[in-house]
Amino acid sequence: MFSWVPSSLRAKGKTAYARITLNRVTASFFIFSFIYCFLQGIIQSLLFSIDLEYSVLVSGIVNGGNIPPGNITFLEGVRGRVHVQICDDIPHGQPRYPCTTVFNSTHDSPKYNGGVSLSAYPQQTFVLGNWQNGLEVTSEFDPSNSTNVIGVKVETEDGSSVTLSEQCIQILLHPSQILLNFRREDIAWVCLQFWLLAISFLAIINDSVPHILAALMTRALAVGWAMYAIWRTPYFRGNFQEFLADPGTPCSLDIFSDYWKMRQGYEIADLILSCTGIVVFAYLSWNLLKMYSAQSYKRLGAPEHVMRFHKFFMAVLACLQMEAFVLVTSMGLWIDVLMNTAIARISAHTPIYKALFIATAILLLPWIAMGWYSIRREMRKMMIIFLAIAFIITTGWAIMFYSIVYRWSFVQWPYLGCFTVASFVLLIASMTLGVICRINFGKGLAQYLHAEEALASLGFAPDSFVHERSSTRYSKDAKSFDKGDLEDYNPDSMPMYFVSALPTLKMNSTGGQVTLAPLPSARSPPHSRSISKDQPFNVPF
């Protein structure tokens, strides 16, 4: 069975299975990672579905109002003094102020202006219901100018309709932009769940403390964002109610009542899963960390200083793998804003931003592979190239903050800001750890990893080696030992491995070549191997 699979892949598969099923802790860690990946992925998918529905609804109404594609909105003030402004440029650093106030609570809301209505017949709130069954949006034009849209008529399948003014359409542009950002966030969170599963898998396969800590910290950050989302929803709901749904406001339109209820329910479920997940994974991670810390040597019994360098290597690898998701996500969010929002019409240097995105996307995977190979093989020239590319990528994206449209997007959308900051932290950490690894080249790490790879290529799983540190075994022919021999024996001075019918491994002093030779079979005749009474049969290979 599976004879068509290359032997090297079968060996790696056996090794992966052995590591996952090593004990109850490793198996539980992987199983819970798998379960939480799909549970939270499903919740985020449900959030995306309702965000998509309402985003299409609001965007359809706004598009019917013929709002110029280069207009953006932003909100200022606090509850009771909210200002919604619409702008045809970034409202900072311009010779003229490019914004106009389309809603002011103290002027446009009877609730906050002393009960004074702008109309002799104040509007009552119109509840837009049953729109899922169909909705017709019709633009209304100025009789004196057939190209000038003065409002939009919205009619549902049950015959109810409402006419929205031009001011109301301009106000609705703000919720439309927020819902588009929600959709982008949902997609990123779904991808994050599968990336966390991959990181957890690599943590078990590599006995990697940095990967475990990276996964745990990411889950902690996810809990923090879930708490922020719970706080953010009432904030948005209150603002939307104030400038959109209160009676007597320019819109007096209730669209989002059901939306906030559904979204709040999914966000609470996501927070509960995130909190229970961080507790479960904190417990499992703690047990894994204790187990890995108790291993003084790994597989081949490498010296302590080599294992310390190996931890730095795994830390670099963890940062690079985290960077593969975080940097791609931050770039993807920014390029989507740049190409699919009003920023595309406002930006004056879009080709430069696209060039930086394309260059980073092309360099990212080779850069990650270069970091992995240069440290694993101790390739000095490649390591210099790796550090140089890291510096170029970091500098290039740091210069982006000179762009006013990038700074505006960074400030107005906290989600983009979080991923951007995280990508810079990981880039700097990758460079710093890379320099530490470069300083420790030539101290045995490459030889250790080469020997480890050689054993793995022969199909030896890590649990094939039983490492005994506190027991002494003797051959049948060894009748006695001098008391001095027992006093001189220190089990910590030389690790002992008991391997049945395995090849021996010899490494020359320069560490440049590994030679494998078979041991005599356990069933060989007595004359094929000789055991001296002065030499235990279980000497290390």
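Above this text you will find the structure in question.
Residues numbered from 1 in each chain as written. Predicted model: local features only at pLDDT ≥ 70, side-chain atom pairs only at ≥ 80, totals over all residues. Heavy atoms only, no water.

## Regarding the overall build of the protein chain
On a plain count of helices and strands, the protein chain comes out with 14 helices and twelve strands. With 541 residues in all, the protein chain has 46% of them scored as buried. Summarising the internal contacts of the protein chain: among those between residues at least 6 apart in sequence, 73% fall at separations of at least 24. (Helix = DSSP H or I, 4+ residues; strand = E, 2+ residues; numbered from the N terminus. Buried < 20%, exposed > 50% of the residue type's maximum accessible area, 1.4 Å probe, protein only. Contact = heavy atoms within 4.5 Å.)

## Topic: the pairing of strand β7 (residues 161-165)
Here β7 shows a clear split, with V162 and L164 buried on one side and none of S161, T163 and S165 buried on the other. In sequence, strand β6 (residues 145-156) turns back onto β7 through a hairpin of four residues, with G159 there showing a positive phi of about 95°. (Pairing = 2+ DSSP bridges.)

## Quick notes on the nonpolar core
With 63 residues, the main nonpolar core has W334, W367, W397 and Y415 as its most contacted residues. Counting residues per element, this core draws most heavily on helix α7 (residues 304-340), which supplies 17 residues. Excluding anything up to four places from it in sequence, W367 contacts L320, E323, F386, I389, A390, L427 and S430. Among the nonpolar cores identified, the runner-up in size contains 39 residues, and V82, W131, V162 and I178 belong to it. (Core = buried A, V, L, I, M, F, W, Y, C linked by side-chain atoms within 4.5 Å.)

## Some points on the environment of I204
Tracing the backbone shows I204 in helix α4 (residues 166-205). Remark: the alpha-carbon pair of I204 and R19, spanning 185 residues in sequence, is separated by 6.4 Å. With near-sequence residues (within four places) excluded, I204 lies in contact with R19, I20, T26, F29, L288 and Y292.

## Describing the sheet that holds β7
Adjacent strands of a sheet form backbone hydrogen bonds with each other and so pair up, either parallel or antiparallel. Within the open sheet, the three strands sit side by side as β5-β6-β7. Their pairing is antiparallel. Both edges of this open sheet fall to β5 (135-142) and β7, since each of them pairs with a single strand only. Averaged over all neighbouring strand pairs, the angle between strand axes comes to 30°, with direction disregarded. As paired elements, β6 and β7 share five bridges and run antiparallel to each other. Among the inter-strand pairings, K153 is bridged to a residue of β7, identified as T163. Against the sheet, helix α2 (residues 24-64) touches β5, β6 and β7, its axis set at about 20° to β5. Contacting β6 and β7, α4 runs over the sheet at an angle of about 85° to β7. (Axes fitted to C-alpha atoms, helices over the stretch in contact; angles between N-to-C directions.)

## Remarks on the state of the cysteines
A complete count under the given rule lists two disulfides for this structure. Across a sulfur-sulfur distance of 1.9 Å, C87 and C99 are joined as a disulfide pair. Across the S-S bond linking C87 and C99, the dihedral sits near 105°, which makes this disulfide right-handed. In this pair, C87 is assigned in strand β2 (residues 83-87) and C99 in strand β3 (residues 99-104), connecting sequence segments twelve residues apart. Overall, C87 belongs to the buried group, its relative accessible area being 1%. (Disulfide = S-S within 2.5 Å.)

## Considerations on empty space enclosed by the protein
In the structure shown here, the tally under the stated rule is four cavities of 30 Å³ or more. The volume enclosed by the largest cavity comes to roughly 240 Å³. Together, 24 residues line the largest cavity, and Q44, W189, A222, A226 and D270 are the ones closest to its centre. Only α2, α4, α5 (209-245) and α6 (257-293) provide two or more residues apiece to the lining of the largest cavity. (1 Å grid on protein atoms, 1.4 Å probe; cavity = no way out; pocket = protein on both sides within 12 Å on 5 of 7 lines; lining within 4 Å. Points joined across faces, edges and corners; volume = space filled by probe spheres on them.)

## Observations concerning the pattern of salt bridges
When the charged atoms of two side chains with opposite charge come close together, those side chains can pair. All chains considered together, the criterion is met by five salt bridges. We note a salt bridge from D88 to R96, for which the minimum N-O separation is 3.1 Å. Between R232 and E185 there is a salt bridge, and its shortest N-O distance comes to 3.2 Å. Of this pair, R232 sits in helix α5 while E185 sits in helix α4, and the two are 47 residues apart along the sequence. For the pair formed by R232 and E185, the shared burial category is buried. Residues participating in the shared-partner salt-bridge network are D51, R263 and E267. (Salt bridge = Lys/Arg side-chain N within 4 Å of Asp/Glu carboxyl O.)

## A short note on the packing of α4 against α5
For the pair α4 and α5, interaxial distance at closest approach is 11 Å and the crossing angle is 165°. The orientation of α4 relative to α5 falls into the category roughly antiparallel. Where α4 crosses over α5, the two elements pack in a sense that is left-handed. (Parallel < 35°, antiparallel > 145°, perpendicular 65-115°, else oblique. Left-handed = near helix turned anticlockwise from the far one by under 90°.)

## Looking at the pairing of β6
Where β5 meets β6, eight bridges bridge the pair, whose relative direction is antiparallel. Paired with D142 across the strands is N145, a residue of β6. The antiparallel hairpin formed by β5 and β6 contains two residues in its connecting segment.

The analysis is restricted to geometry; functional conclusions fall outside its scope.
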